[in-house]
Amino acid sequence: MAHGYITDKDDYLKRLRRIEGQIRGLQRMVDDGTYCIDILTQVSAATKALQTVALGLLDDHLAHCVVDAARDGGPDADAKLKEASDAIARLVRA
């Protein structure tokens, strides 16, 4: 079974590589002794970028994995719904 994000895999990888670059930039900023607020601003931007990826993956999971499991019914449907609910709770806490 293919994961729901598979059709957007290249987009996700591109976004994650961009975030990776942001994180490397943050390391350089700390190493260079950049002003705290400027670093915090970039941390906020990287955090927002990661949240955007997470929400996209969650949306794909709900639209594909959870919908397919619900359509099939049974214990797998309950497990997928619980899994999605737990993922949402983790995102809300973060």
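That block above? That's the structure.
Cut-offs and rules
Numbering of residues starts from 1 in each chain and follows the order in which that chain's sequence is written. Two thresholds apply to this predicted model, a pLDDT of at least 70 for residue-level local features and 80 or more for giving and counting side-chain atom pairs, whereas whole-chain, interface and lining totals are computed over all residues. Working from all heavy atoms in the structure, the side-chain values ignore hydrogens and water. Only the stretch in contact is used when fitting a helix axis, every axis being a line fitted to C-alpha atoms; angles between N-to-C directions are given from 0 to 180 degrees. A run of H or I in DSSP counts as a helix once it spans at least four residues, and a run of E counts as a strand once it spans at least two, with each numbered from the N terminus. With respect to orientation, any angle under 35 degrees is reported as roughly parallel, any angle over 145 as roughly antiparallel, any angle of 65 to 115 as roughly perpendicular, and every other angle as oblique. The sense of a crossing depends on the near helix, which, turned anticlockwise from the far helix by less than a right angle, makes the crossing left-handed and, turned clockwise, makes it right-handed. The contact definition used throughout considers only heavy atoms, calling two residues in contact when any of these lie within 4.5 Å. The salt bridge definition used is simple: a Lys or Arg side-chain nitrogen within 4 Å of an Asp or Glu carboxyl oxygen. A 1.4 Å probe rolled over the protein chains alone gives each residue an accessible area, and that area as a share of the maximum for its type sets the label: buried under 20%, exposed over 50%, partly exposed in between. For patch detection, residues must exceed 30% relative accessible area and be free of salt bridges, and they are connected within 9 Å for like charges or within 5 Å for nonpolar side chains (Val, Leu, Ile, Met, Phe, Trp, Tyr). Computed by Shrake-Rupley with a 1.4 Å probe, the accessible areas treat only the displayed protein chains as cover when residues are assessed. Only four residue types enter the tally: Lys and Arg on the positive side, Asp and Glu on the negative side, with His and both chain ends excluded.

Side note on the packing of helix α2 (residues 36-72) against helix α3 (residues 75-93)
In step 1: Interaxial distance between α2 and α3 falls to 9 Å at its minimum, and their mutual angle equals 165°. Put simply, α2 runs roughly antiparallel to α3. The element α2 and its partner α3 pack so that their crossing is left-handed. For the pair α2 and α3, the contacting residues are Ala-54, Leu-55, Leu-58, His-61, Leu-62, Cys-65, Val-66, Ala-69 and Ala-70 in the first and Asp-76, Ala-77, Lys-80, Leu-81, Glu-83, Ala-84, Ala-87, Ile-88 and Leu-91 in the second.

Let's talk about the pattern of salt bridges
In step 1: Taken as a whole and judged by the stated rule, the model has four salt bridges.
In step 2: Between Glu-83 and Lys-80 there is a salt bridge; the shortest N-O distance is 3.7 Å. Here Glu-83 and its partner Lys-80 are both found in helix α3, three residues apart, which amounts to about one turn of the helix.
In step 3: For Glu-83, a relative accessible area of 38% gives the class partly exposed.

Considering a nonpolar patch on the surface
In step 1: Together, Tyr-5, Ile-6 and Leu-57 line one region of the surface with nonpolar side chains, adding up to about 230 Å² of accessible area.
In step 2: Its place among the elements puts Tyr-5 in the segment before α1 (9-32).

Notes on the side chain of Asp-60
In step 1: Note on placement: Asp-60 falls in helix α2.
In step 2: Buried Asp-60, no salt bridge; nearest opposite-charge side chain is Arg-15, N-O distance 7.6 Å.
In step 3: Once residues lying within four places of it in the same chain are set aside, the contact partners of Asp-60 are Gly-4, Tyr-5, Asp-8, Tyr-12 and Cys-65.

As for the packing of α1 against α2
In step 1: In contact at an axis separation of 10 Å, α1 and α2 are set at 160° when each is read in the N-to-C sense. Of the possible angle classes, the one that applies to α1 and α2 is roughly antiparallel. As for the relative orientation of α1 and α2, their crossing is left-handed in sense. In this structure, α1 contributes Tyr-12, Arg-15, Leu-16, Ile-19, Gln-22, Ile-23, Leu-26, Met-29 and Val-30 to the contact, and α2 contributes Asp-38, Ile-39, Gln-42, Val-43, Ala-45, Ala-46, Ala-49, Leu-50, Val-53, Gly-56, Leu-57 and Asp-60.

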